[in-house]
Amino acid sequence: MKLIIDTDPGIDDAMAIAYAHAAPDIDLLGLTTVFGNTHVAQSSRNARYLLNLLGAELPVATGAALPYGAETYRPSAYVHGDEGFGHFTDVPQIGSDHHLPAAAYLVEMARAHRGDLSVCAIGPLTNIADAIRLDSEFLGNLAQLVIMGGAVFCPGNITAHAEANIYHDPQAAAEVLNAEGNIVLVGLDVTLQTLYQAQDFDALAQVSKATGGFLQEISRFYLEFYQNVAGEDGCGLHDSTAVIACTYPHLFEMTETGVQVDVIGDAVGATRAVDVGAKVRVCRDIDGPAVVDLFTAQVASLP
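Residues numbered from 1 in each chain as written. Predicted model: local features only at pLDDT ≥ 70, side-chain atom pairs only at ≥ 80, totals over all residues. Heavy atoms only, no water.

J.: Any details on the pattern of salt bridges? Residues and values, ideally.
T.: Per the counting criterion, the structure on display carries 6 salt bridges. Residue glutamate 175 pairs with arginine 133 through a salt bridge whose shortest N-O separation is 2.6 Å. Of this pair, glutamate 175 sits in helix H8 (residues 170-177) while arginine 133 sits in helix H5 (residues 126-134), placing them 42 residues apart in sequence. Classification of glutamate 175 as partly exposed rests on a relative accessible area of 25%. On the basis of relative accessibility, which here comes to 53%, the residue arginine 133 falls in the exposed class. (Salt bridge = Lys/Arg side-chain N within 4 Å of Asp/Glu carboxyl O. Helix = DSSP H or I, 4+ residues; strand = E, 2+ residues; numbered from the N terminus. Buried < 20%, exposed > 50% of the residue type's maximum accessible area, 1.4 Å probe, protein only.)

J.: An account of the packing of aromatic side chains is requested, with residue identities and associated values reported.
T.: Counted under the stated rule, the structure contains 12 aromatic pairs. Between tyrosine 196 and phenylalanine 295, the aromatic rings sit 5.2 Å apart at their centres with planes inclined by 85°, giving edge-to-face as the arrangement. Placement of the pair is tyrosine 196 in strand S7 (residues 195-196) and phenylalanine 295 in helix H13 (residues 288-299), with a sequence separation of 99 residues. A single burial state applies to tyrosine 196 and to phenylalanine 295, both of which are buried. Centre to centre, the rings of tyrosine 222 and tyrosine 226 are 5.1 Å apart; their planes meet at 80°, and the pair counts as edge-to-face. Here tyrosine 226 and tyrosine 222 lie together in helix H11 (residues 211-230), a separation of 4 residues that amounts to about one turn. Neither residue differs from the other here; tyrosine 222 and tyrosine 226 are each classed as buried. By the ring-pair criterion, three or more aromatic residues cluster together here, those being Tyr49, Phe85, Phe88 and Phe214. Above the ring of tyrosine 68, the side-chain terminus of arginine 133 is found at 4.1 Å from the ring centroid. (Phe/Tyr/Trp six-rings, centres within 6.5 Å; stacked < 30°, edge-to-face > 60°. Lys NZ or Arg CZ within 6 Å of the ring centre and 35° of its normal.)

J.: So what's going on with the layout of surface pockets? Residues and values would help.
T.: A volume near 550 Å³ is recorded for the largest pocket. As for the largest pocket, its lining consists of 30 residues, and the residues nearest its centre are Asn157, Ala164, Phe225, Tyr226 and His238. When contributions to the lining of the largest pocket are tallied by element, the ones reaching two or more residues are helix H1 (11-22), helix H3 (77-80), helix H7 (164-168), H11 and helix H12 (238-247). Ranked by the residues each element gives to the lining of the largest pocket, the list is headed by H11, at 5 residues. In terms of residue class, the lining of the largest pocket is built from 15 nonpolar, 9 polar and 6 charged. The space that makes up the second largest pocket amounts to roughly 160 Å³. (1 Å grid on protein atoms, 1.4 Å probe; cavity = no way out; pocket = protein on both sides within 12 Å on 5 of 7 lines; lining within 4 Å. Points joined across faces, edges and corners; volume = space filled by probe spheres on them. Nonpolar A, V, L, I, M, F, W, Y, C, P; charged D, E, K, R; others polar.)

Pasting the structure below:
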């Protein structure tokens, strides 16, 4: 499956990119970057560093720096660290970005691989909304758009109502989820059922010295956040779960519904199942152990 990941690396983004690179059923074509866990320039730098670590010579196209209607943006450094990789803050600049901005790159690639390209969006949806605005046929040219975002049937994680990716640009999310296309929403309803613990990272690092060791190193900060803030003895494989949903949909129970995003008010960023609007396949249950085992098996195959 030909895949582009739209990303804001990010500790769990790094895990998802490593999985996509390792998975034999995924042909990873490139990355597009967006603000979110970090500022967008950091996202691109981190993406290029990850690809270099993985030995993957792929393009990185830089995208949106701000949410729609915003003049500033402050990343959630308390979740992913000041540079996006936890306590690893001296991230080198490696390589350079693709000459096209993210939205234009996405549109071009969707046209070039019409009907064969999947896009997995694991950050705020601004680049995806930009691509739809740029080309009304964009979603129709994709095989599928798989989104890590939302909390349709469960509480949020950044507020009581909202999941972080949707919350960081609710207007973009509203535009994307109201557009016609083959869209799958992989939200907190299922990703919180994929707990990955310190001992899992330790075991991964034993067999995958470079990649697994790097993920173990950066995960310490992330696990501290989960323990101190959420009281969880492990982290959810949020972004990796969305990538896995691209090629293993049978591990998920999905329901087709319209999804409304609150763009103003006390519940901004909330994702609600509604009977109107474009239909989205929302994941509402998962074979969590199978997803965790699949992630481990694939990443463990990396150097």
